[in-house]
Structures are given as C-alpha cells and as structure tokens.
Amino acid sequence: ADIISTVEFNYSGDLLATGDKGGRVVIFQREQENKSRPFSRGEYNVYSTFQSHEPEFDYLKSLEIEEKINKIRWLPQQNAAHFLLSTNDKTIKLWKISERDKRAEGYNLKDEDGRLRDPVRIKELRVPTLKPMDLMVEASPRRIFANAHTYHINSISVNSDYATYLSADDLRINLWHLEITNRSFNIVDIKPANMEELTEVITAAEFHPQQCNVFVYSSSKGTIRLCDMRSSALCDRHSKFFEEPEDPSSRSFFSEIISSISDVKFSHNGRYMMTRDYLSVKVWDLNMENRPVETYQVHEYLRSKLCSLYENDCIFDKFECCWNGLDSTIMTGSYNNFFRMFDRNTRRDTTLEASRESSKSRAILKPRKVCTGGKRKKDEISVDSLDFNKKILHTAWHPTENLIAVAATNNLYLFQDKVN
Amino acid sequence: MFVRGLKRKCFDGEEDIEGTLAGIKAIPSYNLQRQSLLDMSLVKLQLCHMLVEPNLCRSVLIANTVRQIQEEMTQDGTWQMINTQSTGQASLDRLVSTDILCRSSREQAEEKLVPNYGTFNKDFEGDQGQDSSETMSTASSVQAPRNLQGSVWEMENPQENKGNFQKSLDQIFETLENKSPNSVEDLFSEVDNSYYDLDTMLTGMMSNTKMGHCDGLETFSSPTSTASNSNCKSDLNELDHIVEILVES
C-alpha cells in the first residue's frame, strides 16, 4: 500500500475517496445498515480502485512529474453515477464512477461468447434482453484539464454553482468550467515580473460554500485573501485581507516559516474559515480581518524544537484541518500518529492516536498526552520520544455524522462515536 | 531523521573573539548557531532533487530565512577581520543546540551580541566571473560554507558583501524562473558545464541503448561525439533513471 496523500468524503458521506503517492484512487462505500446486526453501523468497504495519474516526464525541463494525488474533490451527485476531481502537480482529471449490474444478452450479430456470427446464418431477429450480473464498478476519465499550471497544484475547489471549479498552484489560480478542458481563466496571479523578488507563494485556496463569487487563498506568509469575482476578472486585488499581527516578542528566525498556512477551510455554514499553520489552528470570522476569533495550539511543545524540525524538514510539513458537520468541532493531525480535536463550545481538546496497537476494532480510543517538561506521568509520552516520521497530514470528517477518516502514512483509520 | 535526545553543544573553547565579551558563554553560541542555520539553509537550497521539481514554497521560505539572517548580520555591525577560528568551529554536520535560536528576539536582546564573521561573502566572489551556459550559472565550490575551519576571514567592504550576497540570492530566483529550482544547486556545487547539457548527455547515452519508440527524443539532435560521454561526470544512477523513464514512456 502506498502513502495516502488525500482523503475526502463525498457530499452524502456514503463514499470515501483516498488518493495515494502512486497515483491511485481508492473509493470506499458505506454498507447499508443492517437491521439484524444493529452494532454494525455501516462499515466502509472498498468500492472501486483505479489508477488516476501516471508518472510523466516534462521533456522541456527534463524533470519528472509526480503521479502523487494532491487533492480529490467530489462533485455533488446528480444521477446514478458519481463524479470526482483528482489532481496531481500538473493535471486535473474528472472521473466518472458508475455501476453496472446488468448486461445485455441475445445479440443478433454475435454469440454469447462474443464471436461474430455469420450474417448468412441469421434467420431471425431478436431483441436483446437485460440480465442481472455481478456488480461491477467502473471508473472512466471524462475530462482531462491539462497544461494550465506552470507550478505545482496545491488545491482544487468545486464551486457552489456546480459548474465551475478553481485550481491553485504556487503562484496562480485558474477558474475552469467542468465541461471545457481547453481553456481556463486565470483569476489570481502573484508571480512577480522579476522572480528574484518572489517572497510569497499561494498555499491553499477554496470557494465559499454558498456564495459562488467568493473564494479565499492563503499564503506562505500567514495571510488569507478573500476575493470577489464580481469585482474584476483578475482578482489580484483582494476584497478582504486577513492577517494576525505578529507578536514582536516571540519573533525568531522561524517565525515566518511556522506562520505559513498549510490549509484553509470554510465552515459549512459559510460564516467562518479555519486556517492551519505549523503550530496552531485558527478560526476566523469572515467579518473580522484583523485577528482570528479562536486560536488552538496543536503542539506548542514543538516551539522549542523548531531548529531540529527545520533541519529534518519537518517544519515544512503541510497539515490539513477539517470541520465536523455542525461546525462545532475541528480536527487536525500531528506527529507520532496523534490527531487533535477541539470542541469550540466547551473549549475542550483531545489528543488521540491512530495506530494498530491502540485501536483494536471497536475499542474506545484512549486520550493521549504529551509531557512537556518536568516529571513525566505514567501514560504520557515525552516530546523527545515522538516519532516525527509518523505524521497525520490528512483527515476528513463525515458531513453529517461523527465519523472520521484519518490517514496515517499508508494506513487509513476510521473512527466513529461510540454507539450508546 | 530527527535525533532523539538532542544534546546541547558546548562552546567552551571558542571565546577567543576580538572585542568585548561580557563573559557570557551564550554570546558566541548565538552567532555560531546563526551561522550554522545560515549554512544549513544554503545547503537545503542546493539539495534539490535532481529529477523532480522541488517544492517552491519550501525554497521561498528557506530563501526568506537566509535573507533574514543576512539582514540581521548586516545590522549587527561591520564585518571584522578575524583569524581562522579554532577547530572547534561548528561544522555543518553538527547540529548546534536548538535552544537559543528558538528563543524569541526579546530574550536574545538581553544578551550582548558581538558580530564576528563574514565567510559567506567569500563564496560568491568567485562566482561572478564565471560564464554560464544558458540560464544556469555555474558556481565555485560549495566547500567554503562547509569547511568553516579552513576559511579565511577577510576584511570586506560591507556594501560589497551585501551586494554579493544579494546577487547570489537573486541568482537563485533567476534560475528558479528560467529553468527550474533544480538549477539552484548549480549555483553552489562544483560542476562541469556539460553536466547540465542533459540533451547532449542523454543523446550520448541514448546512442548506446535501443529506443525505437520515444517520440520526445526525436527532437534531440543526433548524438555528438563520444566526447560527451567522457564529459559526463554526473551521477550515472540518476541518468539511468532518466533513461529508464524515457524508454518506458
């Protein structure tokens, strides 16, 4: 199994898609709840697997293009088939996943085993009939959106109009129509005329969940810009600029790096957005630009280790974050296969671990605690014992239920609320 | 790999620095750590994967850090002439104690800082004169930032230093723009010109392999003489990898 690089539930939560470093997409489907087995609350089983992207070679630059799937985004379901967008560094693809559970029998021109019949022998015509067959799930690429990004794509976001979507790379954001592959509109371009002056890149972008003219993008300097596409064709001028003033007393050489935003997500109700930087998660009210309304420390104990984390490159890890369906809880990952949940109402936070040892099937997860200094209590783990190779970068929350998907390197964990 | 239980480095033997030292052991540590961070950053910028385009965000953040350090070093005062440091000088492989660098500037301001170094600019002295093939600039050895022990501290005009430094940073981004961040490493590493002429190299290699179906390679000019082969000092494993991809694609 390859390293999982993205996890995403669809709009109903019945399907869960994962993308991996090898360019594969694996889709899980929730089993229907069985009345006779009340405790089996809808397990997820593999529904479809397909190779979305292949490694490519850019001859012009003599460089490889990785097949790793950076993001998957589902389209809302409009008919029996399911559609999703998956992207690697350069190309976005629209995939159609459809079921086939019938096949036609009784063709006139060919036998049951497919051999062509001699037309001379055909004495009568018949109408083929549909017979049931074993369920087959097929994935086929319906659109390929290529050659629009010079830099690496980090985000895609489907618009609430369900007709357009945006794709963002380090320096540009493009707007696409789902039906048109040979053209896209550039709506943000922060590439300086002189690349020597480059000091800031785009790190994430997302459309507003209800307002189809609004989107946000975050930067490596810890800022978020909200843009309104009605104001001009090129949204280089933002409508709102979100930035928390820096605390001058806590400035260090690593201040900028740890302020770089790795993920931005709107709340489901569209009133807030959440940003993840290296050490914290911040909730912003869209009507207040000068500071976030809530800040949660994910792993503050790492602040004194920043130099080591810079040396081993961990400081550049891009953690994602997500909201639950009610926007009352937020979740993000950390190291040592830990992930954190913050209840916005009670202000309580929990640290849990996604690992085989601590998660036997149906067992309740035990909260974990990191010891930050002084005496280490029993069951606590000290900062120096944390495994920085076990990082949880990708998590997803079911749109309506308390069910979460956590990707730990090449394993996918699904946790749900205890059944009462 | 993250080293568990990182030990604090002791800098007891290194206080033979001109100028006043308030006798606080931490002072040279800060400068050395800052220098170490600078060196580490430069190495990171050049250690780009040969085959895959490196992360632009990471490169930008590292370059910004380098700029920040350079600005602070310039503000700290003039470059001083200092004799070769003792062998205790921190080499790149030793990760100095993380503590001080992670402290906030307020805490650091409480300690007196003595500026005492300027090797960095020396590296780029040699670069400016060299001609470059196309968009890439070849550079002199990267050894200097690595071997602080052997470096000679020079008295330089601070403006010139800053200019050199800035120019090199600019070169990094120029190459980012023109080719790919791949060539950032070209700025620092000891290389042969022909190493970069991948076309020549590949065609030189291709002539030895059977490749009927690579459309892209048809655009390459016919293989040059065997001289190209002999000039290939590059890592042949990586070349094999490229060849493999091309042949299979």
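Since the structure is predicted, the reported quantities are computational estimates derived from the model, not experimental observations.

On to the nonpolar core, then. As a rule of thumb, soluble globular proteins bury nonpolar side chains together. A:Tyr278, A:Leu302, A:Leu309, A:Tyr310, A:Ile315 and A:Leu386 are the most contacted members of the largest nonpolar core, which totals 43 residues. Considering each element in turn, this core owes the most residues, eight residues, to helix H2 (residues 56-76) of chain B. Ignoring any residue separated from it by four or fewer positions in sequence, one finds A:Leu309 in contact with A:Tyr278, A:Leu302, A:Cys314, A:Ile315 and A:Phe388. The next biggest cluster of nonpolar side chains, apart from the first, holds 14 residues, and it includes A:Leu365, A:Ile392, A:Tyr413 and A:Phe415.

Residues and elements named next belong to chain A. Along the chain, the position of His-149 falls in the loop between strand S10 (129-145) and strand S11 (153-158). For His-149, a relative accessible area of 7% translates into the label buried. Engagement of the side chain of His-149 in a polar contact is seen with the side chain of Ser-167, the distance being 2.6 Å. One polar contact links His-149 to Asp-169, side chain to side chain, over a distance of 2.8 Å. Those residues in contact with His-149 that lie beyond four places of it in its chain are Lys-90, Ser-167, Ala-168, Asp-169, Arg-172, Asn-174 and Trp-176.

As a further point, take the pattern of salt bridges. Across all of its chains, the model carries 29 salt bridges over all chains by this definition. The closest approach of N and O atoms between A:Lys131 and A:Glu105, which form a salt bridge, is 3.3 Å. One end of the pair, A:Lys131, is in strand S10; the other, A:Glu105, is in strand S9 (residues 92-105), with 26 residues separating them in the sequence. Residue classification places A:Lys131 among the partly exposed positions, given a relative accessible area of 34%. A salt bridge links B:Lys44 to A:Asp313; its shortest N-O distance comes to 2.6 Å. You can see B:Lys44 sitting in helix H1 (residues 26-46) and its partner A:Asp313 sitting in the loop between helix H2 (306-311) and strand S23 (321-323), one on each of two chains. Taking the relative accessible area as the measure of exposure, B:Lys44 reaches 8% and is therefore buried. Assessed through its relative accessible area of 24%, A:Asp313 is described here as partly exposed.

Right, let's get into the sheet that holds strand S20 (residues 272-276) of chain A. Strands pair in a sheet through their backbones, by hydrogen bonds, and they do so in one of two ways: parallel or antiparallel. All names here are of chain A. Taking strand neighbours across the sheet as the criterion, the four strands line up as S19-S20-S21-S22 in an open arrangement whose pairing is antiparallel. Edge strands, defined here as strands with exactly one partner in the open sheet, are strand S19 (263-266) and strand S22 (294-297). Strand after strand, the sheet turns through a mean of 15° between neighbouring axes, direction not considered. Summarising the sheet, strand S21 (residues 280-285) and S22 pair through four bridges and their orientation is antiparallel.

For the rest of this paragraph, the subject is the packing of aromatic side chains. Aromatic ring pairs are described here by two measures, namely the spacing of the ring centres and the angle between the planes. Residues and elements named next belong to chain A. Taken as a whole and judged by the stated rule, the model has 18 aromatic pairs over all chains. Seen from their ring centres, Tyr-11 and Tyr-162 are 6.4 Å apart, and the 80° between their planes marks the pair as edge-to-face. A residue pair is termed long-range when its members are at least 10 positions apart, and Tyr-11 in the loop between strand S1 (4-9) and strand S2 (15-20) and Tyr-162 in the loop between S11 and strand S12 (164-169) qualify at 151 residues. Owing to a relative accessible area of 44%, Tyr-11 belongs among the partly exposed residues under this scheme. Aromatic side chains Phe-145 and Trp-176 sit 5.1 Å apart centroid to centroid with 70° between the ring planes, which places their arrangement in the edge-to-face category. Of the two residues, Phe-145 sits in strand S10 while Trp-176 sits in strand S13 (residues 172-177), which places them 31 residues apart along the sequence. Among the residues examined, Phe-145 registers a relative accessible area of 0% and is labelled buried. Site record: aromatic cluster; members linked through ring pairs are Tyr-278, Phe-319, Tyr-335 and Phe-388. For Arg-344, the ring lying beneath its charged end belongs to Tyr-272, and the centroid distance is 4.7 Å.

A few words on the sheet that holds strand S14 (residues 185-189) of chain A. Residues and elements named next belong to chain A. If you walk across this open sheet you meet the four strands as S11-S12-S13-S14, and the pairing is antiparallel. Here the strands that pair on one side only, and so sit at the sheet edges, are S11 and S14. In this sheet, neighbouring strand axes are inclined to one another by 20° on average, regardless of whether the strands run parallel or antiparallel. Where S13 meets S14, four bridges bridge the pair, whose relative direction is antiparallel.

Bringing the pairing of strand S30 (residues 403-408) of chain A into the picture now. All names here are of chain A. Where burial is concerned, most of S30 is hidden: six out of the six residues are buried. The alternating pattern of S30 places Leu-403, Ala-405 and Ala-407 and Ile-404, Val-406 and Ala-408 on opposite faces, both of which are buried. In the sheet, strand S29 (residues 394-397) pairs with S30 via four bridges, with the strands oriented antiparallel. Looking at the pairing, Trp-397 lines up with Ile-404 of S30. In the sheet, S30 pairs with strand S31 (residues 411-416) via six bridges, with the strands oriented antiparallel. Bridging from a neighbouring strand, Leu-403 pairs with Gln-416 of S31. The hairpin turn running from S30 into S31, its antiparallel successor, is two residues long, and Thr-409 in that turn takes a positive phi close to 55°.

What counts and how
Residues numbered from 1 in each chain as written. Chains lettered and ligands numbered in written order. Predicted model: local features only at pLDDT ≥ 70, side-chain atom pairs only at ≥ 80, totals over all residues. Heavy atoms only, no water. Core = buried A, V, L, I, M, F, W, Y, C linked by side-chain atoms within 4.5 Å. Buried < 20%, exposed > 50% of the residue type's maximum accessible area, 1.4 Å probe, protein only. Helix = DSSP H or I, 4+ residues; strand = E, 2+ residues; numbered from the N terminus. Contact = heavy atoms within 4.5 Å. Polar contact = N/O pair within 3.5 Å; in protein donor to acceptor, adjacent residues only side chain to side chain. Salt bridge = Lys/Arg side-chain N within 4 Å of Asp/Glu carboxyl O. Pairing = 2+ DSSP bridges. Axes fitted to C-alpha atoms, helices over the stretch in contact; angles between N-to-C directions. Phe/Tyr/Trp six-rings, centres within 6.5 Å; stacked < 30°, edge-to-face > 60°. Lys NZ or Arg CZ within 6 Å of the ring centre and 35° of its normal.

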